[in-house]
Amino acid sequence: MINASLKQLSAALAAKKVSAVELATLFLDRIERLNPDLNAFIALDRDKTLAQAQAADETRRLGAGAPAISPLCGIPLAHKDIFCTKGWRTSCGSKMLENFVAPYDAHVVDKLAGAGMVMLGKLNMDEFAMGSSNESSYFGPVKNPWNLSCVPGGSSGGSAAAIAARLSPAATGTDTGGSIRQPAALCGLTGLKPTYGAVSRYGMIAFASSLDQAGPMAKSAEDCALLLNAMAGFDARDSTSLERPAEDYTRDLNQPLAGLRIGLPQEFFGAGMDEDVRAAVEAALAEYRKLGAVTVEVQLPNSGLSVPAYYVIAPAEASSNLSRFDGVRYGYRAPDYADLAEMYSRSRAQGFGAEVKRRILIGTYVLSHGYYDAYYLQAQKIRRLIAADFKAAFQQCDVIMGPTSPSVAFAFGAKSADPVQMYLSDIYTISTNLAGLPGMSLPCGFGRNNMPVGLQIIGNLFDEARMLNVAHKYQQVTDWHVQMPKSAEVAK
């Protein structure tokens, strides 16, 4: 059961081969055994989880044979701790919100609960989603199940590690500059960042509002399609949510790839990519050619500016969004202070970690008088140029492919002393967020030290169904996505 797809789990539940309570218990027991070594889960409540599972079993019993029952009903999943969950602690990986219990559910949480999914718990993450390695969490780093001395990627590292170790069949993640795709690549999973606005941000604690996007993480493209069916849709509570007709993202999964045009940006295949990553990506492209696709060279001339543009725009928005955490109404409050101003400064100094403080300082600086025009406004102009590059590239191709990350998972501490090196971990993913495009990562082999390598697929606006089709057809002829770390196999 632990390696079954969501479709297989749904079929087993429908055939009464297993109950939702039995499934939830299986995964809760695995979490109890394996999580102390991985640190993927930071909030658990067995009673609440089993109560949801019992309700799902009752829904299936009462609606047996009814087409209205969601195929996800009774299947367990876990949520990144950036999503508000009613009655559960929502910490965002920070001391600032260590004891905050959300009074409402995020839109994504509500939609998946409405589909009958059973919540296993909340997942560790880089503090306020700021990081590429899951080393900045107040609750300690998450370990990569493929090698416990390596990072799982970030900021959705807890989500990636939990699925890779088979502690959960699926999870939610968020992607501001690659935080779904990069950990999916480093942990051997499939993760999808939808088009900006396709999935509501309501109840998702904001980092950079014009870049943040929720998305599904699971073992396969088919699993992600089923999850996206439940997650996507208009939400009037989110001013950036797009009002579009509902889609079935599984509709094109089995379409042939004959004639598919795959764009290969020169900028993604130059210096900076490790050779083991290059070899795995080239092998995946060869497999696509066997499936009938053709590859064409495209140019994204401004993609090299995506990292500096991102690290002006994202910290600026973070500085604004995080100003609400001042110790007044909720969140951490310093125990000793002389006046209101000192309460603000001490609460923020003690409640935020080093990476969050660094980005707040950068963001405040670039928004300050005299620097707004020189930095923030220029970064927004570059953002427009990057979007125009993608628009031109999609005149020549249907999807764009390349590596998700320039390297496989690296050791703890290898980049934490050099923020710039850490920021470059997202060099291939950031441009997608700046342009608002959908992107996904899927496993395509193993590199150095037998660590997973991720292949990135970038689609045009609202082209998630085609991307999922492209990924699914590859996963039908390869088995990288069902490979399991030895640590997970031992405990099964």
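For the structure, see preceding data.
Below: a short report on this structure. (Residues numbered from 1 in each chain as written. Predicted model: local features only at pLDDT ≥ 70, side-chain atom pairs only at ≥ 80, totals over all residues. Heavy atoms only, no water.)

### Let's talk about the nonpolar core
In terms of nonpolar packing, the biggest core is built from 154 residues, with Phe128, Tyr288, Met401 and Ile457 touching the most fellow members. Look past the residues within four positions of Met401 in its chain and what remains in contact with it is Ile262, Gly263, Leu264, Pro265, Phe268, Phe269, Leu285, Tyr288, Leu455, Gln456, Ile457 and Val470. (Core = buried A, V, L, I, M, F, W, Y, C linked by side-chain atoms within 4.5 Å. Buried < 20%, exposed > 50% of the residue type's maximum accessible area, 1.4 Å probe, protein only. Contact = heavy atoms within 4.5 Å.)

### Description of helix α9 (residues 306–321)
Between its first and last C-alpha atoms α9 spans 22 Å; for 16 residues at 1.5 Å apiece the expected length is 22 Å, and the two agree. With 14 of 16 residues buried, α9 lies mostly within the body of the structure. (Helix = DSSP H or I, 4+ residues; strand = E, 2+ residues; numbered from the N terminus. Expected span 1.5 Å × (residues − 1).)

### Notes on a nonpolar patch on the surface
Judged by side-chain polarity, Val328, Leu340 and Tyr344 come together as a nonpolar surface patch covering roughly 250 Å² of accessible area. With respect to the helices and strands, Leu340 occurs in helix α10 (residues 340–351). A relative accessible area of 51% places Leu340 in the exposed class. (Patch = residues over 30% accessible without salt bridge, like charges linked within 9 Å, V, L, I, M, F, W, Y side chains within 5 Å. Areas by Shrake-Rupley, 256 points an atom, 1.4 Å probe, with all protein chains shown as cover. Salt bridge = Lys/Arg side-chain N within 4 Å of Asp/Glu carboxyl O.)

### Considering unusual backbone geometry
Note that the residue after Gly154, namely Ser155, is joined by a cis bond; omega there is 5°. Looking at the element boundaries, Ser155 is found in the loop between β3 (118–123) and α5 (157–164). Even without a glycine there, the phi angle at Cys92 is positive, about 55°. The topology assignment puts Cys92 in the loop between β2 (76–80) and α4 (107–114). Owing to a relative accessible area of 0%, Cys92 belongs among the buried residues under this scheme. Positive phi is not limited to glycine here, since Asn449 has a value of about 60°. Mapping Asn449 onto the fold places it in the loop between β10 (439–446) and β11 (452–458). Judged by its relative accessible area of 59%, Asn449 is exposed.

### Notes on the environment of Gln54
Tracing the chain through its elements places Gln54 in helix α3 (residues 46–62). Judged by its relative accessible area of 52%, Gln54 falls in the exposed class. The spatial distance from the C-alpha of Gln54 to the C-alpha of Ala24 is 9.7 Å, given a sequence separation of 30 residues.

### Observations regarding the pairing of strand β8 (residues 294–298)
Sheet topology note: the strand β7 (residues 261–265)/β8 ladder contains five bridges and is parallel. Bridge pairing in β8 places Pro265 opposite Val298. (Pairing = 2+ DSSP bridges.)

### A short note on the side chain of Arg60
Relative to the assigned elements, Arg60 resides in helix α3. Summary of buried charges: Arg60 has no salt-bridge partner, and the nearest side chain of opposite charge, Asp57, is 6.3 Å away. A polar contact is formed between the side chain of Arg60 and the backbone oxygen of Cys73, at a distance of 2.9 Å. (Lys, Arg positive; Asp, Glu negative; His and termini not counted. Polar contact = N/O pair within 3.5 Å; in protein donor to acceptor, adjacent residues only side chain to side chain.)

### Quick word on the environment of Gly191
Following the sequence through the fold, Gly191 ends up in strand β5 (residues 190–193). Look at Gly191 and you get buried, because its relative accessible area is 0%. Sequence-wise, Gly191 and Pro443 are 252 residues apart; in three dimensions their C-alpha atoms are separated by 9.6 Å. Contacts of Gly191, omitting those with residues within four sequence positions, involve Ile180, Arg181, Ala184, Pro216, Met217, Cys224, Gly439, Met440 and Ser441.

### A few points about the pairing of β3
In terms of residue burial, β3 counts as a mostly covered element, since six of its six residues are buried. Bridge analysis of strand β1 (residues 41–44) against β3 gives three bridges, and the strand direction is antiparallel. Residue pairing across strands places Phe41 opposite Leu123, the latter belonging to β3. Note that β2 and β3 share four bridges and pair parallel. By the bridge assignment, Pro76 is partnered in β3 with Val118.

### Some remarks on the pattern of salt bridges
Taken as a whole and judged by the stated rule, the model has 19 salt bridges. Across the salt bridge formed by Asp235 and Arg237, the nearest N and O atoms sit 3.0 Å from each other. What makes Asp235 buried here is its relative accessible area of 5%. As a salt-bridge pair, Arg448 and Asp274 come within 3.7 Å of each other at their nearest N and O atoms. In this pair, Arg448 sits in the loop between β10 and β11 while Asp274 sits in the loop between β7 and α8 (275–290), placing the two residues 174 residues apart along the sequence. Connected through shared salt-bridge partners, Arg244, Glu247, Arg251 and Asp252 make up one network.

### Quick look at the packing of aromatic side chains
Each aromatic ring pair is described using two quantities: the centre-to-centre distance and the angle formed by the ring planes. This model, assessed by the stated rule, comprises 16 aromatic pairs. The interplanar angle of 15° and the centroid separation of 5.2 Å between the aromatic rings of Tyr288 and Tyr474 together place this pair among those described as stacked. With Tyr288 in helix α8 and Tyr474 in helix α15 (residues 464–477), this pair connects stretches of sequence that are 186 residues apart. Each member of the pair, Tyr288 as well as Tyr474, is classed as buried. Feature note: the residues Phe100, Phe128, Phe325, Tyr330 and Phe352 constitute an aromatic cluster, connected by ring pairs. The ring of Phe462 carries the charged tip of Arg244 above its face, separated from the ring centre by 3.9 Å. Above the plane of the ring of Phe410 lies Lys415, whose end atom (NZ or CZ) is 4.4 Å from the centre. (Phe/Tyr/Trp six-rings, centres within 6.5 Å; stacked < 30°, edge-to-face > 60°. Lys NZ or Arg CZ within 6 Å of the ring centre and 35° of its normal.)

### Re the side chain of Asn302
One can find Asn302 in the loop between β8 and α9. Under the relative-accessibility criterion, Asn302 is labelled buried at 17%. When residues no more than four places from it in sequence are discounted, the contact partners of Asn302 are Leu385, Ile386 and Asp389.

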